[in-house]
Amino acid sequence: MNTGEDHPSRGSTESRGAAEPRAEVERIIRSRTRRSFLVAGVVAAAGVAGWRWLVTRREDQGIPWPLRRVLETNEQWARDYFDASRLAPTFPVALAAEPRPNGGIGLEDELDSGTWRLQVTGLAESPDPLSFSIDEIRSLPRFEMTTELQCIEGWSQIVHWAGVRFQDLAIRCGPATVSGEPPDVRARPDDLVPYASVETPDGEYYVGLDMTSALHPQTMLCYEMNGQPLSSIHGAPLRLVIPVKYGIKSIKRIGTIRFTHHRPLDYWAERGYDWYAGL
Amino acid sequence: MKRFEEKHPLAIRWFHWINLPVLTMMIWSGLMIYWANDVYRVGWGDTTVLKFFPQSFYEALNLPYRLAYGMALHFFFMWLFAINGVLYVLYTVFSGEWRYLVPNRRSFSEAIQVLLHDLRLRRTHLPRRKFNGAQQIAYTAVILMGAGSLLTGIAIYKPTQFAWLCTLLGGYQAARFEHFWLTIGYVLFIIVHVIQVFRAGWNNFRAMITGFEVVPMEETGHEHR
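Residues numbered from 1 in each chain as written. Chains lettered and ligands numbered in written order. Predicted model: local features only at pLDDT ≥ 70, side-chain atom pairs only at ≥ 80, totals over all residues. Heavy atoms only, no water.

Asks: Just checking my understanding: could you explain the pairing of strand S3 (residues 47-51) of chain B for this structure?
Replies: For a regular strand, side chains alternate in direction, first toward one face of the sheet and then toward the other. Residue and element names in this part refer to chain B. The pairing of strand S2 (residues 41-44) with S3 spans 4 bridges and is antiparallel. Looking at the pairing, Trp-44 lines up with Thr-47 of S3. Where S2 folds back on S3, the antiparallel hairpin that results is connected by 2 residues, among which Gly-45 adopts a positive phi of roughly 50°. (Pairing = 2+ DSSP bridges. Helix = DSSP H or I, 4+ residues; strand = E, 2+ residues; numbered from the N terminus.)

Here it is in structure tokens:
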């Protein structure tokens, strides 16, 4: 292959100089060098200007708006690629341990578990919310899984969760539809309103979910962690676990679930993070 | 008497110089992301030889402690990094430039000669070729590392949608670990690369801007970088 003599264009017409006077070669070298460095300088200046433009743009929820637009574009591609049949890996229960209790926002008040009820609104059949006690939630089909909780900070922890599928609660409640027809969560999920908003009882912490991710078969409302009833710092009496999202979406101590036409507010998205936060 | 020859095609010069700020931004924003869970170190048991990274390192760089901003930058520049890298590989394949870049049977023994020469342990002249064996290995390795960064990056960006890839790479934390060490690899590459460019001198550096290199007519041994 390489023989040491196969230098590109060696000996070709581009290898000028041999036949040209020395002064002419010097002139070509100088002129080409000047031209190339001029182009390089202009390109470098354009790069610096582009960077300065980017980072000085008006902020849209904590980051310059062009970066927000990029996150939203990434989201569109991620949603196109998303397939509910792709599951988060599951692990042997023996690997499960307690995750860090990051995030106490919305958990500041003492919770009276006796009076706690889950409120679900944005329903097809009724303008009034449906309300569930924890025992009523427990009477829905039980679902367990051992998945890896992935924090947006970069750590992760395998945890065994038990509770009910979000899907099963949605079937029980009947979210509002776009067409106005009665909802059919299993057969016509695309007709459901496209978002769900989930909030703590005090409204201090709130997450927005696209309905497709909310109805993923591993998205669940959890009341037991690693075989124990959910502790207060982990979100008793009921928390969300959504392995297709970063942990910031797995809201603790759920007060209300609202099905909605409009993209809901999201606590961390308002602070610079990606609204979608899909994994 | 002088003459000059074409050395680096225009496309390769563009790919190279676009990659410089883009990779810089990927490393910079990556550092902002890594900082939020900066757990890696060189050490064993309770002994830590080198922590990634000491607080003084973040302070020296004036790192904005903003994970969200780091992620937003990373998920913008990743497209530029990936597109530029893929176009570069396609260009080298279709232009035939890969012949100068991909190591061959002799590259490895030649790389040892180059290493001994550069460490001043040997006075023999280097092969008179566009890229010597050590360069072929380094420039090909860094492209493979780039591919590794894309794959480990996809695995930690969408570990559920690309669960097969994440599992193949040893799991989520393993993929994050690999992604980090590949970046340390780039930094080491860049340090050696810049030192070598300084050592090789102006003519060699200018070739990456202008494309041509001046060759003395009677030269016998010459270093290219």
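Asks: I tried to follow the sheet that holds strand S12 (residues 256-260) of chain A on my own but got confused; where do I start?
Replies: By definition, the strands of a sheet pair up through backbone hydrogen bonds, in either a parallel or an antiparallel sense. Residue and element names in this part refer to chain A. With mixed pairing, the 5 strands of this open sheet are ordered in space as S4-S3-S12-S7-S8. Looking at which strands have only one partner, the edges of the open sheet turn out to be strand S4 (130-132) and strand S8 (206-210). Ignoring which end each strand starts from, the neighbouring axes of this sheet average 15° apart. Looking at chain direction, strand S3 (residues 118-121) and S12 are connected through 3 bridges and run parallel. (Axes fitted to C-alpha atoms, helices over the stretch in contact; angles between N-to-C directions.)

Asks: Explanation requested: the pairing of strand S7 (residues 195-199) of chain A in the structure shown.
Replies: All names here are of chain A. The element S7 is largely enclosed, with a buried count of 4 among its 5 residues. Bridge analysis of S7 against S8 gives 5 bridges, and the strand direction is antiparallel. Paired with Val-198 across the strands is Val-207, a residue of S8. Count of turn residues in the S7/S8 antiparallel hairpin: 6 residues, of which Gly-203 carries a positive phi of about 75°. For S7 and S12, the ladder comprises 5 bridges, and the chain directions are antiparallel. Its bridge partner lying in S12, Glu-199 is registered against Thr-256. (Buried < 20%, exposed > 50% of the residue type's maximum accessible area, 1.4 Å probe, protein only.)

Asks: Quick question: what am I supposed to make of the pattern of salt bridges here?
Replies: Inspection of the entire model under this criterion finds 20 salt bridges over all chains. Here Arg188(A) makes a salt bridge to Asp191(A), at a shortest N to O gap of 3.2 Å. Since its relative accessible area comes to 14%, Asp191(A) is described here as buried. A salt bridge links Arg199(B) to Asp118(B); the nearest nitrogen and oxygen atoms lie 3.6 Å apart. Here Asp118(B) lies in helix H5 (residues 107-118) and Arg199(B) lies in helix H8 (residues 172-200), a separation of 81 residues in the sequence. Since its relative accessible area comes to 33%, Arg199(B) is described here as partly exposed. Owing to a relative accessible area of 13%, Asp118(B) belongs among the buried residues under this scheme. Several salt bridges share partner residues, and in doing so they unite Arg138(A), Arg142(A), Glu144(A) and Glu224(A) into one network. (Salt bridge = Lys/Arg side-chain N within 4 Å of Asp/Glu carboxyl O.)

Asks: For this particular structure, what's the right way to read the packing of helix H6 (residues 133-157) of chain B against H8(B)?
Replies: Pairs of packed helices are described in terms of their axes, by the angle between the two and the distance that separates them. All names here are of chain B. Close contact between H6 and H8 brings their axes to 9 Å; oriented N to C, the two are set at 150°. Regarding the angle of H6 to H8, the classification is roughly antiparallel. Our pair here, H6 against H8, has a crossing hand that is left-handed. Touching Ala-138, Tyr-139, Val-142, Met-145, Gly-146, Gly-148, Ser-149, Thr-152, Gly-153, Ala-155 and Ile-156 of H6 are Tyr-172, Ala-175, Arg-176, Glu-178, His-179, Leu-182, Gly-185, Tyr-186, Phe-189 and His-193, all from H8. Along the lines of polarity and charge, the residues of the contact of H6 with H8 split into 11 nonpolar, 8 polar and 2 charged. (Parallel < 35°, antiparallel > 145°, perpendicular 65-115°, else oblique. Left-handed = near helix turned anticlockwise from the far one by under 90°. Contact = heavy atoms within 4.5 Å. Nonpolar A, V, L, I, M, F, W, Y, C, P; charged D, E, K, R; others polar.)

In short, shape yes, function no, at least from these values alone.
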